[in-house]
Amino acid sequence: MSNIKKKSVLVIGGGSVGTIAALNLQAGGLASVTLVLRSNYNVVNDNGFDIESCDHGILKGWKPSVVRNTVPNLVEENLEPYDYILLSTKNIPDIPPTIVDLVKPALPSTNTHTTLVLIQNGLNIEKPFLQSHPKTVVLSGVSLIGSAEPSPGKIVQDDRDRLLIGAFANSNLDTTAATEDLAREFVEIYAKGGKTDCVFSPNVLHDRWRKLVYNACLNPICAITGLDTGRIRLADGALAGLVRPAMLEIVEAAKKSAGVQLGDDVVDFMIEVDELQLYLSPSMLADVRKGNFIEFENLLGEPLREGQKAGVAMPTLQVLYNIAKAVQWRTKEQRGLVQIPPKKKKGE
Ligand SMILES: NC(=O)C1=CN([C@@H]2O[C@H](COP(=O)(O)OP(=O)(O)OC[C@H]3O[C@@H](n4cnc5c(N)ncnc54)[C@H](OP(=O)(O)O)[C@@H]3O)[C@@H](O)[C@H]2O)C=CC1
Ligand SMILES: CC(C)(CO)C(=O)C(=O)O
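Residues numbered from 1 in each chain as written. Chains lettered and ligands numbered in written order. Predicted model: local features only at pLDDT ≥ 70, side-chain atom pairs only at ≥ 80, totals over all residues.

Caption draft 1: Highlighting the overall build of the protein chain. Within the protein chain one finds 13 helices and twelve strands. Compactness check: the protein chain gives a C-alpha radius of gyration of 20 Å against a globular reference of 20 Å for 348 residues, within 12% of the reference. Principal axes of the C-alpha set define a box for the protein chain whose edges measure 65 × 50 × 40 Å. Here the protein chain holds 348 residues, and the buried ones make up 47% of them. Considering only intrachain contacts with a sequence separation of at least 6, the fraction spanning at least 24 residues in the protein chain is 72%. (Helix = DSSP H or I, 4+ residues; strand = E, 2+ residues; numbered from the N terminus. Rg over C-alpha atoms; globule rule 2.2 N^0.38 Å. Buried ≥ 20, exposed ≤ 12 C-beta atoms within 10 Å, placed from the backbone. Contact = placed C-beta atoms within 7 Å.)

Caption draft 2: Highlighting the site of ligand 1. Residues in contact with ligand 1 amount to 27 residues; listed here are only the nearest, G13, G15, R38, S39 and Q120. Counting only elements with at least two residues in the shell around ligand 1, the list comes to α1 (16-27) and β9 (146-151). Taken together, the residues of the shell around ligand 1 break down into seven nonpolar, 16 polar and four charged. (Near = placed C-beta within 6 Å. Nonpolar A, V, L, I, M, F, W, Y, C, P; charged D, E, K, R; others polar.)

Caption draft 3: Broad picture of the packing of helix α7 (residues 218-225) against helix α13 (residues 315-334). The contact between α7 and α13 brings their axes to 10 Å, and the two run at 55°. Considering their axes alone, α7 and α13 lie oblique with respect to each other. As α7 packs across α13, the resulting crossing turns out to be left-handed. Contacts between α7 and α13 involve P220, I221, A223 and I224 from the former and L320, I323, A324 and V327 from the latter. Class assignment for the residues of the contact of α7 with α13 results in eight nonpolar, no polar and no charged. (Axes fitted to C-alpha atoms, helices over the stretch in contact; angles between N-to-C directions. Parallel < 35°, antiparallel > 145°, perpendicular 65-115°, else oblique. Left-handed = near helix turned anticlockwise from the far one by under 90°.)

Caption draft 4: Local environment of the UniProt feature "domain: Ketopantoate reductase N-terminal" (unreviewed entry) in the protein chain. The UniProt record marks residues 9-169 with the feature "domain: Ketopantoate reductase N-terminal" (unreviewed entry), using the residue numbering of this structure. A distance of 22 Å separates the end C-alpha atoms of residues 9-169, which is 19% helix and 35% strand. (UniProt positions renumbered as here; feature names shortened; annotations may be inferred.)

Caption draft 5: Fine view of the UniProt feature "domain: Ketopantoate reductase C-terminal" (unreviewed entry) in the protein chain. Mapped onto this numbering, the UniProt entry gives "domain: Ketopantoate reductase C-terminal" (unreviewed entry) at residues 203-328. Split by type, residues 203-328 is 71% helix and 0% strand. Its first and last C-alpha atoms lie 32 Å apart.

Caption draft 6: Focus on the domain arrangement of the protein chain. According to the domain assignment, the protein chain contains domain 1 (7-202) and domain 2 (207-334). A C-alpha centroid distance of 24 Å is found between domain 1 and domain 2. Contacts between the two partners involve 18 residues from domain 1, matched on the other side by 16 residues from domain 2. Of all the secondary structure elements, the ones that give two or more residues to the side of domain 1 that touches domain 2 are β8 (138-143), β9 and β11 (162-167). For the side of domain 1 that touches domain 2, a count of residues per class yields eight nonpolar, eight polar and two charged. (Domains from an automatic or database assignment.)

Caption draft 7: Structural detail: the sheet that holds strand β10 (residues 154-159). Here we have four strands laid out as an open sheet, ordered β4-β3-β10-β9, and mixed in their pairing. Every other strand in the sheet has two partners, leaving β4 (57-62) and β9 as the edge strands with one partner each. Strand-to-strand, the axes of this sheet are offset by a mean angle of 15°, without reference to chain direction. Bridge analysis of strand β3 (residues 49-53) against β4 gives five bridges, and the strand direction is antiparallel. By the bridge assignment, I51 is partnered in β4 with L59. Running at roughly 110° to β9, α1 makes contact with β3, β4, β9 and β10 of the sheet. (Pairing = 2+ DSSP bridges.)

Caption draft 8: Quick peek at the site of ligand 2. The immediate surroundings of ligand 2 are formed by N121, L144, I145, G146, Y214, N215, N219, P282 and S283. Residues of the shell around ligand 2, tallied by class, amount to four nonpolar, five polar and no charged. No fewer than three residues from each of domain 1 (7-202) and domain 2 (207-334) sit in the shell around ligand 2.

Caption draft 9: Spatial organisation of the pairing of strand β1 (residues 7-12). In this structure, β1 lies alongside strand β2 (residues 31-36), joined through six bridges in parallel fashion. Looking across to β2, one finds that K7 is bridged to A31. For the crossover that starts at β1, traverses α1 and ends in the parallel β2, the hand is right-handed. Both β1 and strand β6 (residues 84-87) contribute to a ladder of four bridges, which runs parallel. Note that in β6 the partner of I12 across the bridge is L87. (Right-handed = clockwise from strand over helix to strand, strands pointing away.)

Caption draft 10: Layout of unusual backbone geometry. Backbone torsion omega between P96 and P97 reads 0°, so that peptide bond is classified as cis. Within the secondary structure layout, P97 lies in the loop between β6 and α3 (99-103). Phi is positive for N78, close to 55°, though the residue is something other than glycine. Backbone geometry at Y279 places phi at a positive 45°, although glycine is not the residue there.

Caption draft 11: Up close: the confidence of the model for the protein chain. Residue-level pLDDT values for the protein chain average 96, and 99% of them are 70 or greater. Model confidence for the complex is summarised by a pTM of 0.96, with the ipTM given as 0.98. (pLDDT = per-residue confidence, 0-100.)

Caption draft 12: How the structure looks around the environment of I20. With respect to the helices and strands, I20 occurs in helix α1. Among the residues examined, I20 registers 27 C-beta atoms within 10 Å and is labelled buried. The spatial distance from the C-alpha of I20 to the C-alpha of I51 is 8.8 Å, given a sequence separation of 31 residues.

Structure below.
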């Protein structure tokens, strides 16, 4: 596959992860990247990104081939279909637009040409596309990067980009060999620049459940308590009372619902994966601090539902889920998405 020509790649979501993905794709010279931006569009269109990256160094004014502030409409703009569409927005099915609606103008439901790549956390994220785009190859991107956008257009990547790419199972497609070839081709394009550790991984379910040991537990626990991953390890009783029980529930849910054996050491590994004194904030904590909606349904709700369906007792995850749902409601109220009855004075 070394003779591949430049591929057209549409990246939707130019935030912490999507910008570094666009940078890797463009750096290898095998892709021409169009990056769809939203709140940072004006800043980036005028001045480019200001990037501080442990993989790429310091880049001022960086831009991919094209930046735009709308998802391209293939029909109205008379555009050729992209070879790849990479989705790196937050994935929040409870807040419109859903990612299926977001991508629709660039991906007709009958598509067979474009390969969709989801570099997003969580479980069952491919399921809506199996319904809406049955013949589209959907690839899984499990990212272990640590990246943030502290202000619009400024990207700080302080942990290496490690990316596992595989193909989601899709019984509507004839062979898994062909979808795996596309996954391997994407890895080649993404890794070509030599500044990332991007590899093909055949066991998507295993990769996703393993990452959930972190994301279903530390993300909501840190987001709810306001403590980063260093402080949560120091906080009185938080590891024994919250983090460990939650992680053990995910390990059991992975085994019972998906047959995924994660091994006994995964809990300690995930607790210690971030060096304590880096005081890293998981993306859900960063979102709460910014007043953004949180990805609690895919990171927490889906593994909880799968585990409970398989008969696993998940009391810690259930409480975390209910609190996360209330946090989401708080943001909905702040954004005017829910109306509440007016406050009364006592006796009125
Ligand atoms: N950050 C990290 O270190 C890691 C994140 N992940 C996962 O990667 C995925 C992306 O996360 P991350 O990069 O951190 O998220 P960010 O919030 O940093 O970036 C998401 C970007 O998508 C944009 N976006 C959202 N909705 C739309 C829309 N409708 N149209 C156009 N643009 C849109 C956002 O714009 P706007 O600013 O306007 O909201 C933002 O620029 C998530 O699933 C996350 O869980 C995985 C590993 C590590
Ligand atoms: C754990 C981390 C930082 C990626 O490695 C992540 O997935 C997140 O912050 O949501």
